[in-house]
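What follows is the residue order along each chain.
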Amino acid sequence: MSQEQDIHGSGNPRDVAAYTVAEAARYIRIPSPTLRAWVIGLAYGQHTERAPFRPLIAPPQRNPLRLSFNNVIEAYTLRALRTKHQVSIAAAREAMDVAEHVCNTRRLLLCPELRTSAGELFLEKYGELVSLNKAGQIAMKLMLHANLSRIELDESEIPIRLFPADTGTNVIVMDPRVAFGRPIIARRGISTAVIVDRINAGEGADEIAEDYGLETSEVNEALVYDQAA
């Protein structure tokens, strides 16, 4: 039995039901109602002609509702596509459907070959660039989404760590194998929540840094990340 199996019991820590919607939304800067709609859908009521909003992300546990690390990666990727490249929810949903039914690729938002250009989603497959919004059409232009570089992959190109802060540094990390996937200071594995609790208790950043073998800048970045969440 692997170490991951011993610790988490379910075999794969990336799929463990570890986060409430509110926690996950806070960690990756998404309004909680938005993330909830992406996970469980949304009904508009009987007095509107709008069709119900179908979920985009499948959680491992629904009662009570809990998200996995893989769900966090999916939500982070969808947020990046929405906010940085103006990919509509309709386009994202169409791409996910085509990826699954035409390209046999499930969970597109976890796929390392996901790319975006001019509001369309692309998947690199069999050495060609297939436009998922125009199934089978070869895309001539391709650009990497800068935010997706903040997702670290293992040798099998599976997401294993997320650097959620928007500071451009890799000080804060989420790793499902450490601290149950909560944000930590990457270099020392210290929970950002612990740092914030000690600051709120009146301790100074320099004192905390010395106790944990951190740089004061790392303590300050943990504070900035937590306060911005």
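Residues numbered from 1 in each chain as written. Predicted model: local features only at pLDDT ≥ 70, side-chain atom pairs only at ≥ 80, totals over all residues. Heavy atoms only, no water.

Looking at this model, I keep getting lost on the sheet that holds strand E9 (residues 184-185). Mind explaining?
By way of backbone hydrogen bonds, the strands of a sheet pair with one another, either parallel or antiparallel. Across the sheet, three strands lie side by side as E8-E9-E10; this open sheet has antiparallel pairing. If you trace the sheet from one side to the other, it starts and ends with strand E8 (172-173) and strand E10 (190-191), each paired once. Where E9 and E10 come together, two bridges link them in antiparallel fashion. The partner of Ile-185 across the bridge, within E10, is Ile-190. (Pairing = 2+ DSSP bridges. Helix = DSSP H or I, 4+ residues; strand = E, 2+ residues; numbered from the N terminus.)

Where do I start with the state of the cysteines in this structure?
As used in these notes, a disulfide is a covalent bond between sulfur atoms, one from each of two cysteines. Under the definition given, this model contains zero disulfides. You can see Cys-103 has no disulfide; the closest cysteine sulfur is in Cys-111, sitting 9.4 Å from it. The exposure class assigned to Cys-103 is buried, which follows from its relative accessible area of 7%. (Disulfide = S-S within 2.5 Å. Buried < 20%, exposed > 50% of the residue type's maximum accessible area, 1.4 Å probe, protein only.)

I keep staring at helix H5 (residues 89-101) and nothing clicks. Help me out?
In an α-helix, one turn spans 3.6 residues; hence positions three or four apart end up facing the same way. Between its terminal C-alpha atoms H5 stretches 18 Å, which fits the 18 Å expected from 13 residues at 1.5 Å a residue. Listing the buried residues of H5 in full gives Ile-89, Ala-91, Ala-92, Arg-93, Ala-95, Met-96, Val-98 and Ala-99. (Expected span 1.5 Å × (residues − 1).)

Sorry if this is basic, but what is going on with the pattern of salt bridges here?
In a structure, side chains of opposite charge can pair up when their charged atoms sit close to one another. Summed over the entire model, instances satisfying the criterion amount to nine salt bridges. Ionic pairing is found between Arg-107 and Asp-15, a salt bridge with its closest N-O pair at 3.7 Å. With a gap of 92 residues between them, Arg-107 in the loop between H5 and strand E3 (114-117) and Asp-15 in the loop between helix H1 (3-8) and helix H2 (21-27) connect regions that are remote in the sequence. Note on Asp-15: relative accessible area 33%, which makes it partly exposed. When the shortest N-O distance is used, the salt bridge between Glu-152 and Arg-161 registers 3.3 Å. (Salt bridge = Lys/Arg side-chain N within 4 Å of Asp/Glu carboxyl O.)

Mind showing me how you'd approach the packing of helix H6 (residues 192-200) against helix H8 (residues 216-228) here?
The packing of two helices is summarised by the inter-axis angle and the distance between the axes. Running from N to C, H6 and H8 point in directions that differ by 95°, and their axes come no closer than 9 Å. Here H8 runs roughly perpendicular to H6, going by the angle between their axes. Counting all contacts with H6, which are made through Thr-192, Ile-195, Val-196 and Ile-199, the residues of H8 involved are Val-219, Ala-222, Leu-223 and Asp-226. Per-class residue counts for the contact of H6 with H8 are six nonpolar, one polar and one charged. (Axes fitted to C-alpha atoms, helices over the stretch in contact; angles between N-to-C directions. Parallel < 35°, antiparallel > 145°, perpendicular 65-115°, else oblique. Contact = heavy atoms within 4.5 Å. Nonpolar A, V, L, I, M, F, W, Y, C, P; charged D, E, K, R; others polar.)

Would you explain helix H7 (residues 205-212) in this entry?
Listing the buried residues of H7 in full gives Ala-205, Ile-208 and Ala-209. Along the long axis of H7, the arc covered by the buried residues comes to 100°, so they all point the same way. Projecting away from the buried face of H7 at angles above 90 degrees are the exposed residues Asp-206 and Glu-210. Directly beyond the C-terminal end of H7, a positive phi value near 70° is found at Gly-213. (Arc of directions from axis to C-beta.)

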